[in-house]
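So you can see what is in the structure, the chains are spelled out below.
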Amino acid sequence: MNPVIDAELSARRQVADLSLRAQAPFRCRFCAAPLSRLVADLGMQPLSNAFPTAEQALAAEVFHPLRALVCDACGLVQTQQVESADHIFTSGYPYFSSTSAPWLEHARHYADMAIGRFGLDGSSRVVEIASNDGYLLRWFRDRGIPSLGIEPTLSTALAAEALGIEVVREFFGTALAWRLREQGIVADLMPANNVVAHVPDLLDFVEGFTVLLAPQGVATFEFHHLLNLLQQRQFDTIYHEHFYYHSLTTFSRILASRGLQVFDVEALPTHGGSLRVYAQPAATGTQPRSPRVIGLLEREYAAGLLEPRTWRSFDDACCRMKRDMLAFLIQARNEGRSIAACGAAAKGNTLLNYGGVRTDFIDYVVDDTPSKQGRMLPGTHIPVVAAERLAETRPDYLVILPWNWRDEFVRRFAHIREWGGRFVVLTPEVEVF
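Remember, it's a predicted structure, so these values are computed and weren't measured experimentally. (Residues numbered from 1 in each chain as written. Predicted model: local features only at pLDDT ≥ 70, side-chain atom pairs only at ≥ 80, totals over all residues. Heavy atoms only, no water.)

### A short note on unusual backbone geometry
Then, in step 1: Geometrically, the link from threonine 427 to proline 428 is a cis peptide bond, its omega value of -5 degrees lying close to zero.
Then, in step 2: Within the secondary structure, proline 428 is located in the loop between β18 (422-425) and β19 (431-432).
Then, in step 3: A positive phi angle is found at alanine 130, which is not glycine, with a value near 65 degrees.
Then, in step 4: Its location among the elements puts alanine 130 in the loop between β6 (126-129) and α4 (137-142). (Helix = DSSP H or I, 4+ residues; strand = E, 2+ residues; numbered from the N terminus.)

If you want it as structure tokens, here you go:
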């Protein structure tokens, strides 16, 4: 390590901590304790899923501070809220789950597992929260199991309805749960995939499950595991749309505060390492508790997730990773190399904006999502194009921005090797292959 750089990083962190403490305190959204300990400061950034058109890119773009903080009292990592969930998600949100074949297969396996494990049939009901474009409920529909999606984003809700899936186009919470209950709707299974990071009022959201679940009903929650964010330095999973970064420890406490009991947990490879948490009404649930729950809680405790000192070096590691990324890109460009990227994902936008990487480094990004093509990445204004552009321009390097889909992209774009093209992953270490 360079002692001068290390001293500079230490001073930077002290200034950031003092700045946080000098402000009117942010409060933990779970336990209401003051938030004053920094996990990462990723600078000023736009919303990671606000893809501007060429015309919109000529106007002023709104940037917000992107900082993650950790609660000393309960250990919940969270970002400062800068925009309402309504503004972020109800119109034009561009993420369609069904565009990823591996994710569709993941959903199919889940449906098969849940139907078998919990004995679901035509007399059961599945209510999915954040049902997106019907990527999951289609598999229950095909098995004759009544299903209902809750999805506030118009574009994805319409896509699900086109598949014949009934959708309530609202945000989920206690009020909606009671309204559905009054209509006679009770859920035997309530999946909620990759949504518990996105809900500002998490306690009201979780209480809705308590209201809508049948006495022996089961809820499952999938989310990126905080332990992987820490140990693999996955700072690019931090963005404004993610209000929370959960561990099993903190999420179990949140569920328990609203009468739900965790009875099982699985580690999944999705999204760079996720958890699937199984919960039931604490007073009436009958599912036995798996020893995997205690095992993972002990692992999180041993890793120091609840100790503030664990996070002291994380922001410094982010700075080092940014310098390494820029060093590679500068050298490649100075050598006359052409660089493209694939996957216009939110994590890539965090990474590129943090590093100040624009079209002076990366010419374009290819992505299969029709609603993103013809637009630009937020902040950096790198154009998003169809995959055919690769064969037309033959870049020397193809940067995989959503590294969690690395294997899929390598298979999909293996033809770049025909002209000597090479793949690049920029985090947690720069890797060229």
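### A look at the packing of helix α11 (residues 314-334) against helix α12 (residues 346-355)
Then, in step 1: Close contact between α11 and α12 brings their axes to 10 Å; oriented N to C, the two are set at 80 degrees. Taken together, α11 and α12 sit at an angle that is classed as roughly perpendicular. Within the contact between the two elements, α11 uses Cys318, Cys319, Lys322, Met325 and Leu326 and α12 uses Leu351, Tyr354 and Gly355.
Then, in step 2: Here the residues of the contact of α11 with α12 are counted per class, giving 6 nonpolar, 1 polar and 1 charged. (Axes fitted to C-alpha atoms, helices over the stretch in contact; angles between N-to-C directions. Parallel < 35°, antiparallel > 145°, perpendicular 65-115°, else oblique. Contact = heavy atoms within 4.5 Å. Nonpolar A, V, L, I, M, F, W, Y, C, P; charged D, E, K, R; others polar.)

### Focus: helix α3 (residues 101-118)
Then, in step 1: Over its 18 residues, α3 extends 26 Å from the first C-alpha to the last, a length consistent with the 26 Å expected when each residue adds 1.5 Å.
Then, in step 2: All buried positions along α3 are accounted for by Trp103, Leu104, His106, Ala107, Tyr110, Ala111, Ala114, Ile115 and Phe118. Angularly, the buried residues of α3 cover 160 degrees about the axis, an arc narrow enough to put them on a single face. The exposed residues of α3 that point more than 90 degrees off its buried face are Ala101 and Gly116.
Then, in step 3: Contacts from the buried residues of α3 go to α4, β9 (187-193), β10 (213-224), β12 (260-268) and β13 (274-281). (Expected span 1.5 Å × (residues − 1). Buried < 20%, exposed > 50% of the residue type's maximum accessible area, 1.4 Å probe, protein only. Arc of directions from axis to C-beta.)

### Some remarks on the packing of aromatic side chains
Then, in step 1: Across all of its chains, the model carries 15 aromatic pairs by this definition.
Then, in step 2: Taken together, the ring pairs connect Phe172, Phe205, Phe209, Phe221, Phe223 and Phe251 into an aromatic cluster.
Then, in step 3: The cationic tip of arginine 29 hangs over the ring face of tyrosine 244; the distance from NZ or CZ to the ring centre is 5.1 Å. (Phe/Tyr/Trp six-rings, centres within 6.5 Å; stacked < 30°, edge-to-face > 60°. Lys NZ or Arg CZ within 6 Å of the ring centre and 35° of its normal.)

### Some thoughts on the confidence of the model for the chain
Then, in step 1: In the predicted model, the chain carries a mean pLDDT of 91, and the fraction of residues at 70 or more is 91%.
Then, in step 2: Counting contacts from residues 1-24, a segment whose pLDDT is below 50, to residues more than four positions away or on other chains yields 30 contacts. (pLDDT = per-residue confidence, 0-100.)

### Digging into the side chain of glutamate 222
Then, in step 1: Secondary-structure assignment places glutamate 222 in strand β10.
Then, in step 2: By relative accessible area, which is 1% here, glutamate 222 ends up buried.
Then, in step 3: Among the polar contacts listed, one links the side chain of glutamate 222 to the side chain of arginine 276, at a separation of 2.8 Å. (Polar contact = N/O pair within 3.5 Å; in protein donor to acceptor, adjacent residues only side chain to side chain.)

### Thoughts on the sheet that holds strand β17 (residues 397-400)
Then, in step 1: Strand order in the open sheet formed by 6 strands is β16-β15-β14-β17-β18-β19, and the pairing between neighbours is mixed. Strand pairing shows two members of the sheet lacking a second neighbour, β16 (384-385) and β19, which therefore form its edges.
Then, in step 2: Where β18 and β19 come together, 2 bridges link them in antiparallel fashion. Each bridged residue has a counterpart across the sheet, and for valine 424 the counterpart in β19 is valine 432.
Then, in step 3: On the sheet, α11 packs against β14 (339-342), β17, β18 and β19 and is oriented at approximately 135 degrees with respect to β14. (Pairing = 2+ DSSP bridges.)

### What to know about the nonpolar core
Then, in step 1: Judged by nonpolar contacts, the single largest core of 50 residues is most densely connected at Phe172, Met190, Phe205, Phe209 and Phe221.
Then, in step 2: For this core, the leading source of residues is helix α7 (residues 202-212), giving 7 residues.
Then, in step 3: If we skip the residues at most four places from it in the chain, phenylalanine 205 touches Ile129, Phe172, Gly173, Val195, Val196 and Val199.
Then, in step 4: Within the second largest apolar cluster, 43 residues are counted, among which are Leu66, Ala68, Ile238 and Val384. (Core = buried A, V, L, I, M, F, W, Y, C linked by side-chain atoms within 4.5 Å.)

### A word on the pairing of strand β4 (residues 64-70)
Then, in step 1: Buried residues dominate β4, accounting for 6 of its 7 residues.
Then, in step 2: Summarising the sheet, strand β3 (residues 37-45) and β4 pair through 6 bridges and their orientation is antiparallel. The residue bridging aspartate 41 from the neighbouring strand is arginine 67, located in β4.
Then, in step 3: As judged from the 3 bridges shared by β4 and strand β5 (residues 77-79), these two strands associate in the antiparallel manner. Pairing of valine 70 across the sheet is with valine 77, part of β5.
Then, in step 4: Between the antiparallel neighbours β4 and β5 lie 6 residues, among them glycine 75 with a positive phi of about 85 degrees.

### Observations regarding the sheet that holds β12
Then, in step 1: Reading across the sheet, the 7 strands line up as β8-β7-β6-β9-β10-β13-β12 and stay open at both edges, with mixed pairing between neighbours. The open sheet has two edge strands with one neighbour each: β8 (167-168) and β12.
Then, in step 2: Note: β12 against β13, 8 bridges, orientation antiparallel. Looking at β13, one finds that valine 265 is bridged to valine 277.
Then, in step 3: The strands touched by α3 within the sheet are β9, β10, β12 and β13, with β13 carrying the most contacts at an inclination of about 30 degrees.
Then, in step 4: Sheet strands touched by α7: β6, β9, β10 and β12. Its angle to β10, the strand with the most contacts, is close to 150 degrees.

### Quick look at helix α9 (residues 248-256)
Then, in step 1: The buried count for α9 comes to 7 of 9 residues, which makes it a mostly enclosed element.
Then, in step 2: Inspection of α9 places Leu248, Thr249, Thr250, Phe251, Ser252, Ile254 and Leu255 among the buried residues, and these make up the whole buried set.
Then, in step 3: Packing partners of the buried residues in α9 comprise α7, β10, β12, β13 and α10 (291-302).

### Here we look at the side chain of threonine 350
Then, in step 1: Relative to the assigned elements, threonine 350 resides in helix α12.
Then, in step 2: In contact with threonine 350, other than residues within four places in its own chain, are Leu42, Gln45, Leu66, Phe235, Asp236, Ile238 and Tyr239.

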